[in-house]
Amino acid sequence: LAREVTDEVTFLGAHVVPEGVDRAAYVDLVCGEMLAAVRPHVRWVDVFCETGAFTAAESERILRAGKQSPELYFNLGNAYYKQHKVAPSIYNFEKALLLSPGDRDIKGNLEFARKLAIDDIREKPKVGFSKVISDLAGLYHYDSWAWIAVIAAFVFALLYVGYYLSQTTLKKRLFFVGMSLSILVLLIACISAYFGRDVYKSDRPAIIFAEMVPVKAEPKSNAAEAAVLHEGTKVHVLENLGQWRKI
């Protein structure tokens, strides 16, 4: 019925567990049959994450079953942050930032969450040309850059037709300038999309969920400890060796 009035329809089946119903069974029902039934008719999924309603873990499961989006991970990050759960909060904010790199709210809340972590380890800042490319590619997700490239190519084709059919020198010059700009945008979008996807595939960040993790100087149980990392610290996995991870 709501879909007949507006496209902004929200599924509200996860506001409270009905009295007398098993919690786990109800969460299974929401994630399974309920979402499957309403999926063609709704755009949003709402969960009441509060004492007496659904826990953060239950909310996360329901929202993940609905749809993956930056808003989903942003809300999960906020929920865990309010419970002072450092690692899950940072993890979800990082996931949100991957899907929406330029979102200031996500970046701001991520910084707040990082202040809860014990270890203050910052990534080495990039400089020079690599910084320019990284900052540019980070403005949008690589899928968005790909769409920008497609649109720029389409605009170039239209401008080329206009240039070819123009009868006056002034119009030809205007179309030529437009073609040059669209080619520039196309090149920037292609480079940014390629760089963004390459980083997405090669970069392997991880968040420490354990309260404390010893870092060994080499992959041996009796090796000397090089450092100790705590919950919420972000590391980059460089290599796997059995159950060991080089970071």
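Structural data are supplied above this passage.
Every chain is numbered independently, its residues counted from 1 as its sequence is written. It should be noted that, the model being predicted, local features are given only for residues of pLDDT at least 70 and side-chain atom pairs only at 80 or more, the latter also being counted only at that level, while totals for whole chains, interfaces and linings use all residues. Computation of side-chain values: all heavy atoms of the structure, hydrogens and water removed.

A. Just the side chain of Glu58, in detail. Each helix is a run of DSSP H or I of at least 4 residues and each strand a run of E of at least 2, with the numbering of both proceeding from the N terminus. Structurally, Glu58 is set in helix α2 (residues 56-66). Here's how the labels work: a residue is buried when its accessible area is under 20% of the maximum for its type, exposed when over 50%, partly exposed in between, all with a 1.4 Å probe on protein chains only. When its relative accessible area of 16% is taken as the criterion, Glu58 is described as buried. Within 3.5 Å is the distance limit for a polar contact, defined as a pair of N or O atoms, with the added protein rule that one can donate a hydrogen and the other accept it, and that residues adjacent in sequence qualify only through two side-chain atoms. Polar contacts involving the side chain of Glu58 include one to the side chain of Arg23, which spans 2.5 Å. Whether two residues are in contact is decided by their heavy atoms: any pair within 4.5 Å suffices. Discounting chain neighbours no more than four positions away, the residues touching Glu58 are Arg23, Val27 and Ala53.

B. The arrangement of the pattern of salt bridges in detail. Within this document, salt bridges are pairs made up of a side-chain nitrogen of Lys or Arg and a carboxyl oxygen of Asp or Glu, the two lying within 4 Å of each other. One pass over the full model with this rule turns up 6 salt bridges. In this structure, Glu58 and Arg23 form a salt bridge, with 2.5 Å as the shortest nitrogen-oxygen distance. Of this pair, Glu58 sits in helix α2 while Arg23 sits in helix α1 (residues 23-38), and the two are 35 residues apart along the sequence. Here Arg23 falls in the partly exposed class, since its relative accessible area comes to 33%. Two residues, Glu94 and Lys234, come together in a salt bridge whose shortest N-O distance is 3.4 Å. Placement of Glu94 in helix α4 (residues 86-99) and of Lys234 in strand β6 (residues 234-236) is noted, with a sequence separation of 140 residues between them. One network of salt bridges, in which partners are shared, links Glu94, Glu111, Arg114 and Lys234.

C. Focus on the side chain of Ser166. Mapped onto the fold, Ser166 is located in the loop between α7 (142-165) and α8 (169-202). Reaching out from Ser166, the side chain makes a polar contact with the backbone oxygen of Gly162 at a distance of 2.5 Å. Setting aside chain neighbours within four positions, we find Ser166 in contact with Lys171, Lys172 and Phe175.

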